[in-house]
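# What the coordinates show
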Amino acid sequence: MVKKPIVEQAMQEKKKDLKVITPSEKASIYKTENLNLWYGDKHALKDIQLDIKQNEVTAIIGPSGCGKSTYLKTLNRMVELVPSVRTTGEIHYRDRNILDKSYQVEELRTKVGMVFQKPNPFPKSIYDNIAYGPRIHGIKNRKILDEIVERSLRGAAIWDEVKDRLHENAYGLSGGQQQRICIARCLAIEPDVILMDEPTSALDPISTLKVEELVQELKKDYSIIIVTHNMQQAARISDKTAFFLNGEVIEYDETDKIFSNPADQRTEDYVSGRFG
Amino acid sequence: MNYIHHDTVVKRMSKRLLKNKIYKMLFLSATLLALLVLAVLGYRMIIQGTGYLNWDFFNNFSSRFPQNAGIKAALVGSIWLLAIVAPVSLILGVGAAVYLEEYAKKNRITTFIQMNISNLAGVPSIVFGLLGLTIFVRMLGMGKSVLAAGLTMSLLILPVIIVAAQEAIRAVPNELREASYGIGATKWQTILKVVLPSAIPGILTGGILALSRAIGETAPLVVIGIPVIIHFLPESIFSEFTALPMQIFDWAKRPQEEFQYVAAAGILVLMAVLVFMNSIAVIIRNKFSKRY
Amino acid sequence: MNVQSMIEQHKNKGMKKFVEKLMPKLLFITALVSVLATIGIVFTLIFETFEFFRRVPFFDYILGTEWLPFSGTSPSYGVLPLIIGTLKVTGIAIVVAVPLGLAAAIYLSEYASDNVRRVVKPILEVLAGVPTIVYGFFALTFVTPLLQEVIPGLKIFNAISPGIVVGIMILPTIASLSEDAMSSVPRSMREGALALGSTKLEVALKVVLPAALSGILASVVLGISRAIGETMIVSLAGGSTPKFDGEITDSIQTMTAYIVQVSTGDAGYGTTIYYSIYAVGFTLFIFTLLMNLLAGYISKKFREEY
């Protein structure tokens, strides 16, 4: 038998080690190390350490201005749209540092979908909204597109509501429906991770409930990271919760633990509604 | 001690209110006067011109005799002119607007380009004629062709189109761009597939208004030396041609009184073309307003 | 079916990268066209004007009071009569357009209901969209005969008729820009004055007008600039007799009308007359440029008032 190169051997050793340390844990999808971020002079994220797991729903909570949305937008480098942004540290997505300039943002965002605070469908037909992603990534075949559109809309639990009006403008839908269209648009390219930035903050309670149910459903196939200002929502739908305050991670643990028995006083103050 | 005496205030109040009323009427009549002028102008043209609006008028070339004079060459020439101006000015104008709104960094070059555009918008149209005469007609040897006149007119309306397109692009909500980037689209894909389609109604509305200005503009054509008596239709963009306002100018200058009516008829045709173009702009604006 | 693997298959990284790099450059070039147009204008004017000044002494041009280019024996190129002609028309236009334009602006911004504004503003825009050749024809065939009834001794070609019509032409510019300036005066300022018992007129004249003054001034300066550069109205109704005097009932000639006169005549390429239109065009360009810069300066300088 040919002897394996030393490096590869070492890597296998390391993997074994990891498995030994965390045998019951799911694999990491995002590993953030020493992340700092500035908007101009403003230090918005301070020394973030976070290890987000695959096929879980991770909620990020905290008062407004605490950096939770900024952190989420760093995970698909959307934060770079602000011209004065500067970052240090590393975020490993499946073992590659996405903050490295050689990492193509388009490639990253193809793997990491995003759902925004306000429903933002394109002023196009429902069909064209969903087919937008596959199309820009080169899929032109009408039959395949039809199939993707149907599957994505079913995945976002809105197929039955819109199947007869696929070629009508998405702006004719209600806010809640629009948000599920946006989720379907995101599902159409079958991402690995879905980032959700307060996806229900602009919705009525019934639409919110539908989106929450949807998140539970999607968890089976996707890793979901959701920023929310609504603590009940975090408690209802997430597996893990991270509490952000003033650009720092105060506490990150099982959701049950955060809401029933937090380790940090500030976390307790926040989840019990004493501030924020 | 009382500084303000209630009685005096009341007494003066009725005076002040009366003054307010009188001035209101004055302001209103000034506004109405402007509208009145428009009405008189339209009425005059219709009274003077309709007599000459018949099939022959559309089917004849211009003539020394008013009863034989027609507008065929000018109408067709204006359409040829539009065929150059529309694509050239829209491509250049929208391209520049996309660059300034989506790509340009905030630096001195951008500020300079922006300032240059607003100053170019204030240059009198006749000066553009001088530019066209020197550069297009003589230096580039295009002669008094559709092409030379079209390029001159394109430059004339370019600043208007750029500014209109910039406004339309700026009105596209950022959330749409973010949504596109979020799916992994590149910047150009986002511009081409999301920003421009959303901005198109605004661009078209502003564009059509600018084009109608090019159709009604006379001075640059005069300076370029566009002929007025032409008895053939243009065959290519290199042909000589004449245009509606040019033809009207020629008729209006003629000493015979009959030609006044011919000119008025020509004006009616020109105004009909402009009303047609403006209605398209209004329809587009109404159809697509309140989108986001 | 796996979408991600399909995406992987269709990935054409090189092409995408190339387009992403190329497009901003192409678009930058289109943005440069406007700069090129300005350079072209300035280059054309300077170049041809330079040729003109090789034939006509500079001071004879800018200080001369006789403009007789077509005189066979002793042509004279003193530009002042043309400038005077332009100023006569511009002055009359301003006298017509400023009071009417401001009155309309005050009415629309302070008195008119939303419905009235919605109807009147587009009509004013139509007035701005009427081609100048139409206005010229209107001045010559309607306004001049009408004025002749009122003013005895008014010639067919004169400064008053085109002046009034140019005023009507720039009225929408002044009304619309002034109305914008007045509308952007904060409500709270009006409410403050109204709460003290002011009438609407007092609010308009003592609060809104002063607050919006820079915008109003800028609109007037822009109107002046447009009046100076206006061509077809003065060509048709103003005449072609450049004179260095203060008479407004007689035929005049403006800078623009002179350029038109030469262009429609048959002055050959390369003659002094040919080059003279560039010198006059250059003079005109400088006048309007100064006005535009002044308008920009006024509205920038006094912008942050509230």
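Residues numbered from 1 in each chain as written. Chains lettered and ligands numbered in written order. Predicted model: local features only at pLDDT ≥ 70, side-chain atom pairs only at ≥ 80, totals over all residues. Heavy atoms only, no water.

### Here's the deal with the overall build of chain B
Stated precisely, the cut-off is as follows: Under the DSSP-based scheme used, a helix requires at least four consecutive residues in state H or I and a strand at least two consecutive residues in state E, with every element numbered from the N terminus. Between the two quantities, the radius of gyration covers C-alpha atoms and the globule rule is 2.2 Å times the number of residues to the power 0.38. In this scheme, a residue with accessible area under 20% of its type's maximum is buried, one over 50% is exposed, and one in between is partly exposed, where area comes from a 1.4 Å probe on protein chains only. In this description, contact between two residues means that some pair of their heavy atoms is separated by no more than 4.5 Å. We get accessible surface area from the Shrake-Rupley algorithm with a probe of 1.4 Å; when it comes to residues, only the shown protein chains can shield them. The convention is simple: Lys and Arg are positive, Asp and Glu are negative, and His and the chain ends are not counted. Lysine's charge is taken at NZ, arginine's at CZ, aspartate's at CG and glutamate's at CD.
Assigned secondary structure in chain B consists of 11 helices and 0 strands. Each helix and strand of chain B, placed in order from N terminus to C terminus, yields the pattern α-α-α-α-α-α-α-α-α-α-α. Radius of gyration (C-alpha) of chain B: 25 Å, far over the 19 Å computed for a compact globule of 292 residues. Once the C-alpha set of chain B is aligned to its principal axes, its extents read approximately 90 × 65 × 35 Å. Counting all 292 residues of chain B, 55% fall into the buried class. Long-range pairs, those at least 24 residues apart, make up 75% of the contacts in chain B with a sequence separation of at least 6. Surface exposure of chain B reaches about 13400 Å², of which carbon and sulfur atoms provide 65%. If you average the places of the 26 positive and of the 13 negative side-chain charges in chain B, the two averages end up 10 Å apart.

### Overview of the environment of Y71 of chain A
All names here are of chain A. Relative to the elements of secondary structure, Y71 occurs in helix α2 (residues 68-75). The spatial distance from the C-alpha of Y71 to the C-alpha of R185 is 23 Å, given a sequence separation of 114 residues. With residues near it in sequence (within four places) discarded, Y71 still touches T32, L35, L45, I48, L50, I52, I60 and F244.

### Let's talk about the pattern of salt bridges
Pairs can form between side chains of opposite charge whenever their charged atoms are close. This is how the line gets drawn: Put simply, a salt bridge is a Lys or Arg side-chain nitrogen that is within 4 Å of an Asp or Glu carboxyl oxygen.
Taken as a whole, this structure holds 34 salt bridges over all chains when the rule is applied. The partner of E161 of chain A in a salt bridge is R180 of chain A, and the shortest N-O contact between them spans 2.9 Å. Within this pair, whereas E161 of chain A is found in helix α6 (residues 159-162), its partner R180 of chain A is found in helix α7 (residues 175-187), the two being separated by 19 residues in sequence. The residue R54 of chain C makes a salt bridge to E51 of chain C at a minimum N-O spacing of 3.6 Å. With R54 of chain C and E51 of chain C both in helix α2 (residues 13-55) and 3 residues apart, the pair spans about one turn of that helix.

### Quick word on the confidence of the model for chain C
Heads up, the rule is: On a scale of 0 to 100, pLDDT captures the predictor's confidence in every residue.
Averaged over every residue, the pLDDT of chain C is 91; residues scoring 70 or more account for 98%. Here the prediction assigns the complex a pTM of 0.89, and the interface score ipTM is 0.92.

### Details of the side chain of S125 of chain B
Residue and element names in this part refer to chain B. Heads up, the rule is: Contacts described as polar in this section are N or O atom pairs within 3.5 Å, which, within protein, must combine one atom able to donate a hydrogen with one able to accept it, while residues neighboring in sequence count only if both atoms come from side chains.
In this structure, S125 sits in helix α5 (residues 125-139). Residue S125 is classed as buried on the basis of its relative accessible area of 10%. A distance of 3.1 Å separates a polar atom in the side chain of S125 from a polar atom in the side chain of E217. Discounting residues that sit within four places of it in the chain, S125 has contacts with L156, E217, A219 and P220.

### Looking at the sheet that holds strand β1 (residues 28-39) of chain A
Residues and elements named next belong to chain A. Condition: For two strands to be treated as a pair, DSSP must find no fewer than two bridges joining them. Each axis is a line fitted through C-alpha atoms, taken for helices only over the stretch in contact, and angles between the N-to-C directions span 0 to 180 degrees.
With antiparallel pairing, 4 strands are arranged side by side in an open sheet as β2-β1-β4-β5. If you trace the sheet from one side to the other, it starts and ends with β2 (42-53) and β5 (96-97), each paired once. Across 2 bridges, strand β4 (residues 85-93) lies against β5 in antiparallel orientation. The residue of β5 that forms the bridge with Y93 is R96. Contacts from α2 reach β1, β2 and β4, with the element oriented near 120° to β1.

### So, the nonpolar core
For clarity, the cut-off: For the purposes of this section, nonpolar cores are sets of buried Ala, Val, Leu, Ile, Met, Phe, Trp, Tyr and Cys residues that join through side-chain atoms within 4.5 Å.
Counting 278 residues, the largest nonpolar core has Y30, Y71 and L153 of chain A as its most contacted members. Broken down by element, this core gets its largest block of residues, 18 residues, from helix α4 (residues 80-111) of chain C. Residues within four places of L153 of chain A in sequence aside, it is in contact with I126, I130, I158, W159, V162, L166, I181 and A184 of chain A.

### Considerations on the interface of chain B and chain C
Many structure descriptions define interface size as the accessible area lost when the parts assemble. Selection criterion: Note: buried area is the sum, over both parts, of the accessible area (probe 1.4 Å) each one loses when the two are combined.
Across the contact, 71 residues belong to chain B and 73 residues belong to chain C. Regarding the contact of chain B and chain C, the summed buried area is about 6300 Å², with carbon and sulfur atoms giving 79% of it. At the junction of chain B and chain C, the tally comes to 1 salt bridge. Close ionic contact of R16 of chain B with E202 of chain C constitutes a salt bridge, the shortest N to O distance being 2.6 Å.

### Side note on the packing of α5 of chain B against helix α6 (residues 146-170) of chain B
Helix-helix packing is characterised by the crossing angle of the two axes and by the distance between the axes. Residues and elements named next belong to chain B. Quick note on the threshold: Here is the rule for angles: anything less than 35 degrees is roughly parallel, anything more than 145 is roughly antiparallel, 65 through 115 is roughly perpendicular, and the remaining ranges are oblique. The handedness criterion is simple: a crossing whose near helix is rotated anticlockwise from the far helix by less than a right angle is left-handed, and one whose near helix is rotated clockwise is right-handed.
Across the interface, α5 lies against α6 with an axial gap of 9 Å and an inter-helix angle of 140°. Considered as vectors, α5 and α6 are oriented oblique to each other. Here α5 runs over α6; the crossing is right-handed. Contacts from S125, F128, G129, L131, G132, F136 and V137 of α5 reach α6 at A148, L151, T152, L155 and L156.

### Observations concerning the interface of chain A and chain B
In this assembly, 22 residues from chain A lie in contact with 19 residues from chain B. Both faces considered, chain A and chain B share a buried interface measuring about 1700 Å² in area, 64% of it formed by carbon and sulfur atoms. A per-residue breakdown of the area chain A buries against chain B is headed by P123, Y132 and I136 of chain A, which together make up 27% of the total. Where chain A meets chain B, there are 1 salt bridge. Between K118 of chain A and E175 of chain B there is a salt bridge, with its nearest N and O atoms 3.4 Å apart.

### Observations concerning the domain arrangement of chain B
Residue and element names in this part refer to chain B. The condition that has to hold: Each domain's extent is set by a domain assignment, obtained either automatically or from a database.
Here chain B is described as being made up of domain 1 (6-52) and domain 2 (57-291). Contact residues are listed per partner, giving 6 residues for domain 1 and 10 residues for domain 2. Taken over both partners, the interface formed by domain 1 and domain 2 buries close to 760 Å², and the fraction arising from carbon and sulfur atoms is 74%. The three residues of domain 1 that bury the most area against domain 2 are M45, Q48 and Y52, which together make up 81% of that side's buried surface. Linking domain 1 with domain 2 are 0 salt bridges, by the criterion used here. Across the contact surface, domain 1 and domain 2 share 1 residue pair in polar contact (both at pLDDT 80 or more).

### Some words on the domain arrangement of chain C
Residue and element names in this part refer to chain C. Applied cut-off: When residues are sorted by character, Ala, Val, Leu, Ile, Met, Phe, Trp, Tyr, Cys and Pro go into the nonpolar class, Asp, Glu, Lys and Arg into the charged class, and all the rest, Gly among them, into the polar class.
We note that the domain assignment places domain 1 (13-55) and domain 2 (76-301) within chain C. The interface formed by domain 1 and domain 2 includes 0 salt bridges. Seen at the junction of domain 1 and domain 2, the total is 3 residue pairs in polar contact (both at pLDDT 80 or more). Here the residues of the side of domain 1 that touches domain 2 are counted per class, giving 5 nonpolar, 2 polar and 3 charged.

### Some points on a nonpolar patch on the surface
Counted only if it meets this: Patch rule: a residue counts if its relative accessible area is over 30% and it has no salt bridge; like charges are joined within 9 Å, and nonpolar side chains (Val, Leu, Ile, Met, Phe, Trp, Tyr) within 5 Å.
Nonpolar side chains collect at one region of the surface, where M139 and L140 of chain B together with L36, I39, F43 and F47 of chain C lie side by side and expose about 640 Å² of accessible area between them. The residue L36 of chain C is located in helix α2 in this model. Taking the relative accessible area as the measure of exposure, L36 of chain C reaches 55% and is therefore exposed.

### Side note on empty space enclosed by the protein
Residues and elements named next belong to chain C. Definition in use: Using protein atoms alone on a 1 Å grid, points that fit a 1.4 Å probe yet trap it form a cavity, whereas open point sets bounded by protein on both sides within 12 Å along at least five of seven lines form a pocket; residues with an atom within 4 Å of a point count as lining. Grid points are joined across faces, edges and corners, and a volume is the space filled by probe spheres set on the points.
Counting across every chain of the model gives 1 cavity of 30 Å³ or more. When its volume is computed, the largest cavity comes out at roughly 30 Å³. Taken together, T86, V89, T90, A227, I228, E230, V234, T254 and T256 form the lining of the largest cavity. When residues in the lining of the largest cavity are grouped by element, the largest group, 3 residues, is from α4.

### A few points about a positive patch on the surface
Judged by side-chain charge, K11, R12, K15 and K19 of chain B together with K206 of chain C come together as a positively charged surface patch. With 4 residues, helix α1 (residues 6-49) of chain B is the single largest residue contributor to the positive patch. Tracing the sequence through the fold places K11 of chain B in helix α1. By relative accessible area, K11 of chain B is classed as exposed at 65%.

### Quick notes on the sheet that holds strand β10 (residues 248-254) of chain A
All names here are of chain A. The 6 strands lie next to each other as β6-β7-β8-β3-β9-β10, forming an open sheet whose pairing is mixed. With one partner strand each, in any of the chains shown, β6 (112-115) and β10 form the two edges of the open sheet. Going from strand to strand, the sheet's axes swing by 15° on average, the running direction of each strand aside. Sheet topology places strand β3 (residues 57-61) next to strand β8 (residues 223-227); 4 bridges connect them, and they run parallel. Each bridged residue has a counterpart across the sheet, and for A59 the counterpart in β8 is I226. Strands β3, β6, β7 (193-197), β8 and β9 (240-245) of the sheet are contacted by α2, whose axis makes an angle of about 150° with β7.

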